[in-house]
Amino acid sequence: MCGIIGYVGTEDAYPVIIQGLKRLEYRGYDSAGVAIAGDGVHLYKRKGKVKDLEDYIGPEGIKGKLGIGHTRWATHGEPEDKNAHPHRSMHGHFIVVHNGIIENYVRLKERLMSKGYRFSSDTDTEVIANLIEYTYLKGNVSALTAIRLALRKVIGAYGLGIICTDEPDKLFAIRKGSPLVIGIGENAHYIASDAPAIMEHTRKVVYPDDDEMVVLWNDHMILQTPENHNHKPVVKILDQEIGDIGKGSFPHYMLKEIFEQPDSIRDTFRGRISEDPFAIHLGGLYSVLPALRYAGRIIILGCGTSWHAGLIGEYLLEEFAHIPVEVEYASEFRYRHPVIRKDDVIIAISQSGETADTLAAIRKAREAGALVLGICNVVGSSIPRETEAGVYTHAGPEIGVASTKAFTAQVTVLTMIAMLLAKEKNLIDDRSFHRFIRELKKIPEKIRYILAQNNDVIRDLAEQYKDVNNFLYLGRGYFFPVALEGALKLKEISYIHAEGYPAAEMKHGPIALIDENMPVVFIAPKDDTYDKIVSNIREVKARKGKVIAIVNEKDRTISELATHVIEIPSTFLALTPLLAVIPLQLLAYHMAVLRGCNVDQPRNLAKSVTVE
Ligand code: G6P
């Protein structure tokens with residue numbers, strides 16, 4: 001949620017900042033801005049995308065060796081030029097970019113106004129800029145001391161990049177509760193909300209702790225604890241691939257990421273499952289395997305699509321590892337009074353590793369003494385750093401705001417964990433275990449086949465349904481979470497109202513909505529409840545609803561009943577969600593494109609939700 005970037009070095013800052021902002025744009029994209037210190041400090045900001053800002057500034061760019069930039073997801077104040085960052089303090093001594101939310105900004109603003117401060121935006125960030133300046137001028141202290149003292153009065157979350165116009169050779173940065181990474185280059189330093197924004201410049205990074213003050217020059221840095229002690233930064237080397245973050249030949253990131261799933265799933269299990277000998281290796285879980293094995297209960301935490309992956313994890317872990325599982329919205333868990341027992345294990349799932357609610361829920365669980373594990377995609381993000389152990393998904397950078405390949409990678413990891421525990425607990429015989437591993441390895445090819453067979457078919461289908469206002473998605477068992485995910489994809493990017501429901505629950509409400517205008521997507525591959533879902537389809541047909549059914553190849557019964565069928569290959573039931581979700585991703589994608597929506601950057605959403 002909001003991306004910040006900064007550079008100080010011997011090269012021109014502007015191209016580094018603009019390039020970094022483009023990489024951070026998935027975090028927010030309603031406005032963007034830069035401040036560059038060269039011959040004076042020049043500040044440009046604009047409502048719209050980074051490209052709009054770039055066009056506004058023009059091809060000459062801005063000269064200067066130090067700069068900060070911001071791409072915004074509005075929290076306080078509408079997306080307008082005046083609310084875009086950076087924000088300059090009233091007397092011009094400080095310029096600030098901010099990711100996070102200041103909870104007590106109204107009180108601080110009133111106090112500053114009573115001292116004569118005037119504000120030109122509706123943001124909480126301008127309050128920070130003015131509060132620092134007020135402290136600086138009133139106390140006649142250094143910029144560093146002013147920042148430190150001012151932030152003591154601030155309640156909330158922040159990742160900040162700060163320029164003091166009186167000390168234009170330094171870049172200040174500090175975080176509390178919002179992500180921030182420092183990059184160490186050749187005669188250069190960088191700050192960013194996350195590592196991919198700076199990885200093309202350096203792989204040497206430092207993750208400051210909450211409230212650690214960072215001061216950067218081109219050739220050295222200071223890291224200072226909240227008690228004002230300088231300490232040696234712990235430098236980490238990032239070894240992940242930057243990944244191809246272009247769209248390649250695809251018109252949108254989302255379509256590219258849908259089509260990447262055969263590879264991203266293979267990357268997620270590569271080196272972790274073997275046939276000779278048959279085994280599952282999850283190195284990140286070795287140290288906690290006994291605790292997992294004897295867990296009395298697993299609580300899965302997540303938000304959005306990651307929560308849906310968690311629901312599939314519940315079915316997997318209960319079926320194969322025989323461990324009771326609860327799946328919780330992190331945002332609810334953090335404010336309840338959850339009963340956490342000694343033998344509970346918490347698994348937090350997050351693509352970004354930065355979701356504010358998930359992080360807060362983790363902290364709550366850890367305070368209660370629980371063992372907390374993470375399943376994350378972004379290496380080095382906050383959740384992996386704040387959990388005892390975990391598994392990375394290796395899906396590669398996901399840029400489209402609607403999650404696709406990260407979801408299937410999360411489900412793949414949960415599948416491996418469930419099977420690993422089944423094996424450890426002797427709950428599965430060797431033959432079944434071997435067959436499962438072999439079948440898991442076939443999933444990427446089966447997805448490739450679905451994509452090849454169905455993309456055009458689904459585009460034609462989307463053409464027929466693109467103007468409807470409502471959609472219903474129904475499934476049972478493993479396919480109930482898939483129905484939820486299908487509905488979420490559609491509403492996120494096409495703005496069509498869509499609901500996911502357990503198919504049997506249809507009779508307790510949604511059936512009232514069904515008429516000849518209501519398309520109902522049934523996720524209906526063969527399982528134990530197949531006959532029941534056939535009855536549900538008949539009930540919809542009897543009310544003239546249009547049925548789009550996801551079925552296994554060679555399905556006869558539903559094929560005769562449904563208005564449209566989309567076929568997927570057969571596999572083991574527990575692996576079928578990985579296949580069944582693919583047509584739903586494509587359906588949402590094509591509907592959104594045909595409706596003229598911005599597929600990769602849907603309105604009001606952001607990829608990484610680092611505010612409550
Ligand atoms: C946002 C994104 C979703 C994502 C959710 C949780 O809403 O748009 O795609 O599922 O956050 O994010 P996380 O990074 O924790 O998986």
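Residues numbered from 1 in each chain as written. Predicted model: local features only at pLDDT ≥ 70, side-chain atom pairs only at ≥ 80, totals over all residues. Heavy atoms only, no water.

Draft legend 1. Representation of the environment of Ile-496 within the structure. The residue Ile-496 is located in the loop between helix H15 (479-494) and strand S23 (497-502) in this model. Sequence separation between Ile-496 and Val-468 is 28 residues; the distance between their C-alpha atoms is 7.5 Å. Once residues lying within four places of it in the same chain are set aside, the contact partners of Ile-496 are Lys-466, Val-468, Asn-469, Asn-470, Phe-471, Leu-490, Lys-491, Met-591 and Arg-595. (Helix = DSSP H or I, 4+ residues; strand = E, 2+ residues; numbered from the N terminus. Contact = heavy atoms within 4.5 Å.)

Draft legend 2. Structural detail: the sheet that holds strand S24 (residues 519-523). Spatially, S23-S22-S24-S25-S26 is the arrangement adopted by the five strands of the open sheet, whose pairing is parallel. Both outer strands of the open sheet, S23 and strand S26 (564-568), are each paired with one neighbouring strand and no more. Adjacent strand axes in the sheet meet at a mean angle of 20°, parallel and antiparallel pairs treated alike. Relative to S23, strand S22 (residues 470-475) is paired through six bridges, and the arrangement is parallel. Along S23, the bridge assignment pairs Phe-471 with Ala-498. Docked against the sheet, helix H16 (residues 530-542) engages S22, S24 and strand S25 (546-552), running at close to 175° with respect to S24. The sheet strands contacting helix H18 (residues 576-594) are S22, S24, S25 and S26, and the helix crosses S26 at an angle near 135°. (Pairing = 2+ DSSP bridges. Axes fitted to C-alpha atoms, helices over the stretch in contact; angles between N-to-C directions.)

Draft legend 3. Region of interest: the packing of aromatic side chains. Counted according to the given criterion, the structure contains eleven aromatic pairs. Judged by centre distance (3.9 Å) and plane angle (15°), the ring pair of Trp-307 and Tyr-329 falls under stacked. Residue Trp-307 is found in helix H9 (residues 304-321), and its partner Tyr-329 is found in strand S18 (residues 325-329); the two are separated by 22 residues along the sequence. Since its relative accessible area comes to 12%, Trp-307 is described here as buried. (Phe/Tyr/Trp six-rings, centres within 6.5 Å; stacked < 30°, edge-to-face > 60°. Buried < 20%, exposed > 50% of the residue type's maximum accessible area, 1.4 Å probe, protein only.)

Draft legend 4. Region of the structure containing a positive patch on the surface. On the surface, Arg-107, Arg-111, Lys-115, Lys-138 and Lys-153 cluster together to form a positively charged patch. Accessibility expressed as a relative area gives 48% for Arg-107, which makes it partly exposed. (Patch = residues over 30% accessible without salt bridge, like charges linked within 9 Å, V, L, I, M, F, W, Y side chains within 5 Å. Areas by Shrake-Rupley, 256 points an atom, 1.4 Å probe, with all protein chains shown as cover. Salt bridge = Lys/Arg side-chain N within 4 Å of Asp/Glu carboxyl O. Lys, Arg positive; Asp, Glu negative; His and termini not counted. Charge placed at Lys NZ, Arg CZ, Asp CG, Glu CD.)

Draft legend 5. Representation of the pairing of S25. With respect to burial, S25 is a largely interior element, six of its seven residues being buried. By the bridge criterion, five bridges tie S24 to S25 in an arrangement that is parallel. Note that in S25 the partner of Phe-522 across the bridge is Ala-549. With H16 bridging S24 and the parallel S25, this β-α-β connection has right-handed handedness. As paired elements, S25 and S26 share five bridges and run parallel to each other. Following the sheet pairing, Ile-548 is matched in S26 by His-564. (Right-handed = clockwise from strand over helix to strand, strands pointing away.)

Draft legend 6. Just the pattern of salt bridges, in detail. For the structure shown, the criterion picks out 33 salt bridges. Linking Asp-263 and Arg-448 is a salt bridge whose minimum nitrogen-to-oxygen distance equals 3.6 Å. Of the two residues, Asp-263 is situated in helix H7 (residues 261-269) and Arg-448 in helix H14 (residues 430-465); the sequence distance between them amounts to 185 residues. For Arg-448, a relative accessible area of 34% translates into the label partly exposed. Linking Glu-386 and Arg-363 is a salt bridge whose minimum nitrogen-to-oxygen distance equals 2.7 Å. Of the two residues, Glu-386 sits in helix H12 (residues 382-386) while Arg-363 sits in helix H11 (residues 356-367), which places them 23 residues apart along the sequence. Judged by relative accessible area, Arg-363 falls into the partly exposed class, the value being 27%. What you see here is one network of salt bridges that share partners, running through Asp-263, Arg-266, Glu-445 and Arg-448.

Draft legend 7. Looking closely at the state of the cysteines. By the definition in use, this model includes zero disulfides. Left unpaired, Cys-2 is separated from the closest cysteine sulfur, that of Cys-303, by 17 Å. When its relative accessible area of 7% is taken as the criterion, Cys-2 is described as buried. Free of any disulfide, Cys-376 has its nearest cysteine sulfur in Cys-303, 12 Å distant. (Disulfide = S-S within 2.5 Å.)

Draft legend 8. Main features of the site of the ligand. Around the ligand sit 13 residues, and of these Ser-306, Ser-350, Gln-351, Ser-352 and Thr-355 come closest. At 2.6 Å from an oxygen atom of the ligand is found a side-chain nitrogen or oxygen belonging to Ser-350. Between the ligand and Val-401, the relevant distance is 3.3 Å, taken from an oxygen atom to a main-chain nitrogen or oxygen of the residue. The greatest single-element share of the shell around the ligand, amounting to three residues, is contributed by H9. Partitioning the shell around the ligand into residue classes produces four nonpolar, eight polar and one charged. (Near = heavy atom within 4 Å. Polar contact = N/O pair within 3.5 Å; in protein donor to acceptor, adjacent residues only side chain to side chain. Nonpolar A, V, L, I, M, F, W, Y, C, P; charged D, E, K, R; others polar.)

The values reported here are purely geometric and, on their own, carry no functional implication.
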